[in-house]
Structure formats: structure tokens, C-alpha cells
Amino acid sequence: MKEMLLMKKNKAITFTIIFRANSLNYGEGTANISELKKFHRGDGGVYSFASRQSLRYDMIRLGNQFFDWNLDVVDKAQGVIQFKQDSSIKDSVEMDLFGYMKTKAKEGATKRSAVVRLSHAISLEPYKSDLEFLNNMGLAARINDTANLATIEQHISYYAYTVTIDLNRIGVDLDIELSAEEKTERVNQFLEITKFLNREIRGRQENLAPLFVIGGAYPIANPFFQGRISLNNQSDTLNIEALKDTTDSTVFGKSIKDLTRIGYVKGIFGNEDEFPEIAACGSVDAFYEGLKNEVAEHYGVPV
């Protein structure tokens, strides 16, 4: 009985996205070599990644571009760069979704943990040490001088990352609680950002929009599909066995498969005909519309 009441009260959204892109995040590098951020796995493979911080940066950038999110909520009045003492989640969607920490001398810190949780976007194909040689010959030739040289690591791959949103914590902080309509709008804006996410890096604009997305609304905030995404032998087919095992399990006696949907772009993955074995399938648009309906239902707002 207690589990049933908890399921009715709590709701969280989680989904895992696959996209394809090139060289998304660089580290400090060595000399004139720009090195990608990478993980080394026990099988000897090297996998590049875009950090969750870089994803967050572009989500906030697009939030400002698409929906005029207020970014004027930062100062250095306390000696460190942080959110303003008098700013709250009323003023900032960013502070509401991604949390904050505000420190004040002799008074400690006020914190809000992130409501929207992001994983790193990790490549699904190993990095093979591809390099690109660069120079600024075009500029140097204008002044009849010698060009400067540089080398950057390059990696084109599928990537996967996971988002988890605790809907019960959206728009609620200290003595503040926003209206159901405002909560719904903020979640829907964030969903729209992930649907059209892109990254601006080194003169490129990389498309991080979903080619495949799996998830739904669940009674607990748990990233069910994180770490379950892989390619078969580095081919353009998804390994569906781990995903099937995940959806075949239950949460509080409720089938995860019944709560899960898949959205995908046709013609990308060679085994898309197998996707219905995992969960109900449709377009990426249909997947996001389903999430927005779940959000509206949770907050009691008309669709």
C-alpha cells in the first residue's frame, strides 16, 4: 500500500540519448597538440567524451537563445564568482534546474542540488588516434611571415548521455514554490532544448539532437538506461539485449517496459526493426510529446 502511494506521489523523467558528432570536448593539451577528453577502459579501448559541464553550458546557452533565460544572476560580490545572494529560482530557470551554491562570509553556504542530472556524453566507438594538422598560412601569407602550426585530435563517433529529472523538486526551493503552469513550462523548455541540442566548438556547430532516445516517466529518479547503450562490434547496429533486460525488470511491481518509449530517426541503425522488442516505438517528436503529456499530467495542467 505504501509503495502504491509513493508511485502516485513521486514522478521522475529519465531518458538516454544517442547522437553522432565530431570531437566535442578538449582538455588542456600538450605544447601545440590539442587533446580530446578521453577515458581508457580495461579492454584497452580509448573513448572520447563531452563532459556533463560542457553539455550543461550549451543547454543554458540555448535556454537563453530559445526562451530568454535570465543569465544576469552572477556576480563576484563575495570575492568568488557565484550566483547573486538575492537571486532565487524565481529569477533563474538555470538555478531551478541545475542548482546553485551561494557562499557568504561567516554565514556558510546556501546550496541547492541539481534537479536535472546529466551524465557525460561518452563515445560508443573507440578513438583510433586520428589527428588533424593545422596552420594559419592564410593569415601568415598576408604579412609574408611563417605560419604557426598546431595539431588537434579528431574523433567522429556515436555518443550517448543520460538525463534524469525529479519532477517533484522542480520549482520548489526553501520557502518558494512556483505555480504548476510555471513548473510545466520550465520542464517543457528543457525537453525542447535536448531535442535540438547543439554544441559550438572550434568554428563548428555540432548537432547533438537525438538519433535514438529511450526513457519515460517513472516513480523514482533513476537513470535506468545509463550504461546500457552499446554498438555491436562498432557497427551501426545497437546491442538491444541490455536494453531488453532493463525493460523486462520492474519498479515497485510496475513493469518498466510499460512505462518506457523509444523515439528514433529511421534509416540510421541497421537493426531498427528489433527496437519494438525493447519498448513501444515511434518518432523522436512522438517521444517528446509523450514526455510533455506525462509532465502536464503530473502537475495537473491541461495538455
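Located above this text is the structure these notes cover.
Conventions adopted
- Residues numbered from 1 in each chain as written.
- Predicted model: local features only at pLDDT ≥ 70, side-chain atom pairs only at ≥ 80, totals over all residues.
- Heavy atoms only, no water.
- Helix = DSSP H or I, 4+ residues; strand = E, 2+ residues; numbered from the N terminus.
- Buried < 20%, exposed > 50% of the residue type's maximum accessible area, 1.4 Å probe, protein only.
- Contact = heavy atoms within 4.5 Å.
- Areas by Shrake-Rupley, 256 points an atom, 1.4 Å probe, with all protein chains shown as cover.
- Expected span 1.5 Å × (residues − 1).
- Axes fitted to C-alpha atoms, helices over the stretch in contact; angles between N-to-C directions.
- Parallel < 35°, antiparallel > 145°, perpendicular 65-115°, else oblique.
- Left-handed = near helix turned anticlockwise from the far one by under 90°.
- Nonpolar A, V, L, I, M, F, W, Y, C, P; charged D, E, K, R; others polar.
- Phe/Tyr/Trp six-rings, centres within 6.5 Å; stacked < 30°, edge-to-face > 60°.
- Lys NZ or Arg CZ within 6 Å of the ring centre and 35° of its normal.
- Pairing = 2+ DSSP bridges.

Caption draft 1: The arrangement of the overall build of the protein chain in detail. Across its full length, the protein chain holds eight helices and 22 strands. Over its C-alpha atoms, taken along the principal directions, the protein chain stretches across nearly 75 × 55 × 35 Å. Expressed as a percentage of the 303 residues in the protein chain, the buried residues total 47%. Excluding contacts between residues fewer than 6 apart, the proportion of contacts in the protein chain whose partners are at least 24 apart in sequence is 67%. In the form shown here, the protein chain has an accessible surface area of approximately 15600 Å², with 48% of it arising from carbon and sulfur atoms.

Caption draft 2: Fine view of helix H2 (residues 52–67). Taking 1.5 Å as the rise per residue, H2 with 16 residues should run 22 Å; its terminal C-alpha atoms sit 21 Å apart, in good agreement. Within two residues after H2, aspartate 68 carries a phi angle of roughly 60°, on the positive side.

Caption draft 3: Just the packing of helix H5 (residues 180–195) against helix H8 (residues 284–299), in detail. At a minimum axis distance of 10 Å, the contact between H5 and H8 shows a crossing angle of 165°. If you check the angle between H5 and H8, you find them roughly antiparallel. Of the two possible hands of crossing, H5 and H8 adopt the one that is right-handed. Here Ala180, Lys183, Thr184, Val187, Asn188, Leu191, Glu192, Thr194 and Lys195 of H5 lie close against H8, whose contacting residues are Asp285, Tyr288, Leu291, Lys292, Val295 and Tyr299. A class-by-class count of the residues in the contact of H5 with H8 yields seven nonpolar, three polar and five charged.

Caption draft 4: Highlighting the packing of aromatic side chains. Tallied over the entire structure, the rule returns 14 aromatic pairs. The interplanar angle of 75° and the centroid separation of 6.3 Å between the aromatic rings of phenylalanine 15 and phenylalanine 287 together place this pair among those described as edge-to-face. With a gap of 272 residues between them, phenylalanine 15 in strand S1 (residues 12–22) and phenylalanine 287 in helix H8 connect regions that are remote in the sequence. You can call phenylalanine 287 buried: its relative accessible area is 5%. Note on phenylalanine 15 and tyrosine 288: the rings are 6.2 Å apart at their centroids and 70° apart in plane angle, and the pair reads as edge-to-face. Note that phenylalanine 15 is positioned in strand S1 and tyrosine 288 in helix H8, a separation of 273 residues in sequence. Of the residues examined, phenylalanine 15 reaches a relative accessible area of 0% and is grouped as buried. Grouping aromatic residues by their ring pairs yields a cluster made of Tyr158, Phe212, Tyr264, Phe269 and Phe275. The ring of tyrosine 100 has lysine 102 sitting right over it, with the charged end atom 5.0 Å from the ring centre. Positioned above the aromatic ring of tyrosine 26, the side-chain terminus of arginine 202 is 4.2 Å from the ring centre.

Caption draft 5: Layout of the pairing of strand S18 (residues 212–218). Most of S18 sits out of view: seven of its seven residues are buried. As paired strands, S1 and S18 are joined by seven bridges and run antiparallel to one another. Bridging from a neighbouring strand, isoleucine 17 pairs with valine 213 of S18. As judged from the five bridges shared by S18 and strand S21 (residues 260–264), these two strands associate in the antiparallel manner. Bridge pairing links phenylalanine 212 to tyrosine 264 in S21.

Caption draft 6: Quick peek at the sheet that holds strand S12 (residues 149–153). Spatial strand order, S2-S12-S11: three strands in an open sheet with mixed pairing. The outermost strands of the open sheet, each flanked by one partner alone, are strand S2 (33–34) and strand S11 (131–135). Relative to S12, S11 runs antiparallel, the two sharing five bridges. Looking at S12, one finds that leucine 131 is bridged to glutamate 153.

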